[in-house]
Every structure is written in structure tokens, then in C-alpha cells.
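A structural walkthrough
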Amino acid sequence: MYTVQVHLDMADYKVYEIKFPDGCVYYGYTAKPFTMRLEEHITSSQRGKSKLYKKMRLTDYDCTCRIVNTFPDKETALSWERKLIKRTPYDRKLNTSWGGEDGENNQRKWRQQDIIKKHYRRRNRKDKYRYEET
């Protein structure tokens, strides 16, 4: 006989799928309660510009949502989400990045970093070509 111990303080990470009748699919992960995360998607979709939110409005929210799998840690959930996104055909994929806000390929983070880099480049240029009288 086996004994299984469950730690109540551990987060329960879920990888979920939002699928549309035409086969388009979105994968996400969350540690929040699943219904709360779906409500966030629905609220954001009212004005959001992502592929998922546009698709939700276009189909009048005709989609199925389900939890694909549950994991004890964030890293495993992220790797599963990434695998699911990678194996989805490009024309059916609604994800623009994996990992959401925490993903290494989050386009919003890239844009912020590019803006910071440009600012420092400009600042360094000004310092580089300073004229000093002798």
C-alpha cells in the first residue's frame, strides 16, 4: 500500500486550452483557479487586441475551455505549455508567446527592453561626442 502526501502550501499549476470550432487553439498556464482565469480572459477580450481576444469576439465566445493537465511546479507547467504551442500548426495557433507574462519570449518584455536599450544608446551618443574647449 502506498501513501501519498499532499502539501497544501504548494501552488497547483494548470495548463489549459481554449479551442474554437474551426480548430484554432490557445494554450495557457495559471496557478489561479481555472474559472477565475477564464473570467479574466473574457473581461480582457472586451477590448483586447491579441489574436485570442479578437477570435473570441469574432466567434461570439463560441469556444470550449478545459484543463489539459495539472502540475505541482511552474517550470513543468511552462514546459508543457511550450510543447503544446510548438506542436500546434501555425495557422491554428492563437498564442503569440508562451509563458504569458513570465515567458522568456514575451513580446511586451522585448519591446520594453528595446526601448530601454535605445534610450541608453542615445544617452551614450550624447556623452561620446561632447565638445570640450582646451
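Everything below is about the structure shown above.
Here we summarise the structure given alongside this text. (Residues numbered from 1 in each chain as written. Predicted model: local features only at pLDDT ≥ 70, side-chain atom pairs only at ≥ 80, totals over all residues. Heavy atoms only, no water.)

1. Quick notes on helix α3 (residues 74-87)
Here is the rule we go by: Per the convention used, a helix needs a DSSP run of H or I reaching at least four residues, while a strand needs a run of E reaching at least two, with both numbered from the N terminus. Helix span, expected: 1.5 Å multiplied by one less than the number of residues in the helix. Burial here depends on accessible area, computed with a 1.4 Å probe over protein chains only, as a share of the maximum for the residue type. Under 20% is buried, over 50% is exposed, and the range in between is partly exposed. Here the arc refers to the directions that run from the helix axis out to each C-beta atom. Contacts between residues were defined by any pair of non-hydrogen atoms, one from each residue, lying within 4.5 Å.
Counted at 1.5 Å a residue, the expected span for α3 with its 14 residues is 20 Å, and the 20 Å between its end C-alpha atoms agrees. Of the residues making up α3, those classed as buried are Ala-77, Leu-78, Glu-81, Leu-84 and Ile-85. All buried residues of α3 project into a common sector of 125° when viewed along the axis, lining one side. Within α3, the exposed residues directed more than 90 degrees away from the buried face are Glu-75, Lys-83, Lys-86 and Arg-87. Residues of α3 that are buried make contact with β1 (13-19), β2 (25-30) and β3 (64-71).

2. Thoughts on the state of the cysteines
Put simply, the test is: Note on terminology: disulfide denotes any pair of cysteine sulfur atoms within 2.5 Å.
Per the stated rule, a full pass over the model turns up zero disulfides. Cys-63 carries a free sulfur, and the closest cysteine sulfur to it, the one in Cys-65, is 4.3 Å from it. Looking at Cys-63, the relative accessible area reads 22%, which means it is partly exposed.

3. Comments concerning the side chain of Lys-93
Threshold: Counting rule for charge: Lys and Arg are taken as positive, Asp and Glu as negative, and neither His nor the chain ends is counted. A pairing counts as a salt bridge when a side-chain nitrogen of Lys or Arg comes within 4 Å of a carboxyl oxygen of Asp or Glu.
Mapped onto the elements of the fold, Lys-93 is located in the loop between α3 and α4 (107-128). This buried residue, Lys-93, is left without a salt bridge; Asp-91 holds the nearest opposite charge, at 9.0 Å. Lys-93 has contacts with Val-25, Lys-51, Ile-85 and Thr-88, leaving out every residue within four places of it along the chain.

4. What to know about the pairing of β2
Selection criterion: Any two strands are treated as partners once DSSP identifies two or more bridges connecting them.
Burial analysis of β2 places six of its six residues in the buried class, the great majority of the element. The side-chain alternation of β2 yields two buried faces, one formed by Val-25, Tyr-27 and Tyr-29 and the other by Tyr-26, Gly-28 and Thr-30. When β1 meets β2, the two strands line up antiparallel, connected through six bridges. Across the sheet, the residue bridging to Glu-17 is Tyr-27, located in β2. Taken together, β1 and the strand that follows it, β2, pair antiparallel across an intervening segment of five residues, in which Gly-23 is found at a positive phi of about 100°.

5. Structural notes on unusual backbone geometry
With a phi close to 55°, Asp-60 is a non-glycine residue in the positive phi region. Secondary-structure assignment places Asp-60 in the loop between α2 (51-58) and β3. On the accessibility criterion, Asp-60 (64% relative accessible area) is exposed. We note that Tyr-61 has phi near 60°; this positive angle belongs to a residue other than glycine. Turning to its location among the elements, Tyr-61 is positioned in the loop between α2 and β3.

6. What to know about the packing of aromatic side chains
Using the following cut-off: Any pair of Phe, Tyr and Trp rings, taking the six-membered ring for Trp, is counted once the centres come within 6.5 Å. Such a pair is stacked with planes under 30 degrees apart, edge-to-face with planes over 60 apart, and tilted for the rest.
Taken as a whole and judged by the stated rule, the model has four aromatic pairs. When the ring of Phe-71 is compared with that of Trp-80, the centres are 5.3 Å apart and the planes differ by 50°; the resulting orientation is tilted. Residue Trp-80 is classed as partly exposed on the basis of its relative accessible area of 32%. Every member of this aromatic cluster is reached through a ring pair, and the members are Tyr-16, Tyr-26 and Phe-34.

Bear in mind that shape data such as this cannot, by itself, settle questions of function.
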